[in-house]
Amino acid sequence: MWDVTGSQPAMPTLACWETAAFNHTTCMWDVTGSQPAMPTLACWETASFNHTTCMWDVTGSQPAMPTLACWETASFNHTTCMWDVTGSQPAMPTLACWETASFNHTTCMWDVTGSQPAMPTLACWETASFNHTTCMWDVTGSQPAMPTLACWETASFNHTTCMWDVTGSQPAMPTPLVGKLLHLTIPLVCGM
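(A) Quick peek at the pairing of strand 2 (residues 28-32). Relative to strand 2, strand 1 (residues 19-23) runs antiparallel, the two sharing 5 bridges. Bridging across to strand 2, Thr-19 finds its partner in Thr-32. Hairpin connection, strand 1 to strand 2: the antiparallel pair is bridged by 4 residues, and Cys-27 has positive phi, about 60°.

The following block contains the structure:
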């Protein structure tokens with residue numbers, strides 16, 4: 001009889017993705033299979049091959065969108081893997097001298113407050129114009145000068161008509177004494 005010796009070569013250690021079949025022609029194990037390709041990753045992801053599950057373990061998460069001011073918008077940039085923030089605060093409006101403005105982060109608008117100072121009470125001869133540099137009323141005008149009075153006249157200023165009321169009249173000329181005789185009675189003293 002023939003004494004047969006030898007044994008089939010042991011199957012090689014395989015990676016999880018490989019299979020082996022014994023080739024009776026070459027008397028070797030034919031190993032087939034290839035590692036699964038790494039998946040396409042987002043910029044924030046990393047992948048490591050898991051030799052137990054024979055799969056890629058992908059970890060990482062997209063960075064959180066930053067807190068935005070009301071006027072800002074954000075879009076994720078897959079090249080830089082960062083958030084691109086755009087927008088700028090609306091410009092403060094042009095204010096009148098009496099106004100103030102504060103930015104409202106709820107409405108994303110400027111809240112303008114203040115009102116023009118009230119025009120002051122004017123005397124009848126005065127006029128007022130608002131000065132936008134000093135933010136005050138410029139009052140001009142002066143009371144009309146009292147007229148020159150005759151000695152018998154008085155004047156008082158009339159705030160309704162804005163004129164001087166002149167009163168008084170020249171005293172009447174007295175009746176002249178010329179041409180009249182004076183009668184004097186002289187008592188006589190008798191016995192002298």
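(B) Up close: the packing of aromatic side chains. Summed over all chains, the structure comprises 11 aromatic pairs. Residues Phe-76 and Trp-83 carry aromatic rings whose centres are separated by 5.2 Å and whose planes lie at 75° to one another, so their mutual orientation is edge-to-face. Take Phe-76: its relative accessible area is 14%, and that puts it in the buried class. Taking the relative accessible area as the measure of exposure, Trp-83 reaches 22% and is therefore partly exposed. Ring pairs connect the aromatic residues Trp-17, Phe-49 and Trp-56, which therefore count as one cluster.

(C) Region of the structure containing unusual backbone geometry. The phi angle at Cys-27 is positive, at roughly 60°, despite the residue not being glycine. Inspection of the secondary structure assignment puts Cys-27 in the loop between strand 1 and strand 2. We note that Cys-108 has phi near 60°; this positive angle belongs to a residue other than glycine. Within the secondary structure, Cys-108 is located in the loop between strand 7 (100-104) and strand 8 (109-113). A relative accessible area of 18% means that Cys-108 is categorised as buried.

(D) Structural context of the environment of Asp-30. Structurally, the position occupied by Asp-30 is in strand 2. Not counting residues up to four positions away in its chain, the partners in contact with Asp-30 are Thr-19, Ala-20, Ala-21 and Asn-23. Side chain to side chain, Asp-30 and Asn-23 meet in a polar contact 2.9 Å long.

(E) Structural context of the side chain of Asn-131. Mapped onto the elements, Asn-131 comes out in strand 9 (residues 127-131). Assessed through its relative accessible area of 19%, Asn-131 is described here as buried. A polar atom in the side chain of Asn-131 sits 2.9 Å from the side chain of Asp-138. Apart from residues lying up to four places away in sequence, Asn-131 is in contact with Met-136 and Asp-138.

(F) Examining the state of the cysteines more closely. In total, this model carries 5 disulfides according to the counting rule given. Bridging Cys-70 to Cys-108, the disulfide has an S-S length of 2.2 Å. An S-S torsion of about 80° defines the bridge between Cys-70 and Cys-108 as right-handed. Linking Cys-70 in the loop between strand 4 (55-59) and strand 5 (73-77) with Cys-108 in the loop between strand 7 and strand 8, this pair joins segments that are 38 residues apart in sequence. Residue classification places Cys-70 among the partly exposed residues on the basis of a relative accessible area of 34%. Two residues share a disulfide in this structure: Cys-97 and Cys-135, whose sulfurs sit 2.3 Å from each other. Across the S-S bond of Cys-97 and Cys-135 the torsion is about 80°, and the bridge reads as right-handed. One end of the pair, Cys-97, is in the loop between strand 6 (82-86) and strand 7; the other, Cys-135, is in the loop between strand 9 and strand 10 (136-140), and 38 residues separate them in sequence. Sequence-ordered numbering of the bonded cysteines in the protein chain gives a disulfide pattern of 1-3, 2-5, 4-7, 6-9, 8-10.

Cut-offs applied
- Residues numbered from 1 in each chain as written.
- Predicted model: local features only at pLDDT ≥ 70, side-chain atom pairs only at ≥ 80, totals over all residues.
- Heavy atoms only, no water.
- Pairing = 2+ DSSP bridges.
- Helix = DSSP H or I, 4+ residues; strand = E, 2+ residues; numbered from the N terminus.
- Phe/Tyr/Trp six-rings, centres within 6.5 Å; stacked < 30°, edge-to-face > 60°.
- Buried < 20%, exposed > 50% of the residue type's maximum accessible area, 1.4 Å probe, protein only.
- Contact = heavy atoms within 4.5 Å.
- Polar contact = N/O pair within 3.5 Å; in protein donor to acceptor, adjacent residues only side chain to side chain.
- Disulfide = S-S within 2.5 Å.

Just distances and angles here, no functional claims.
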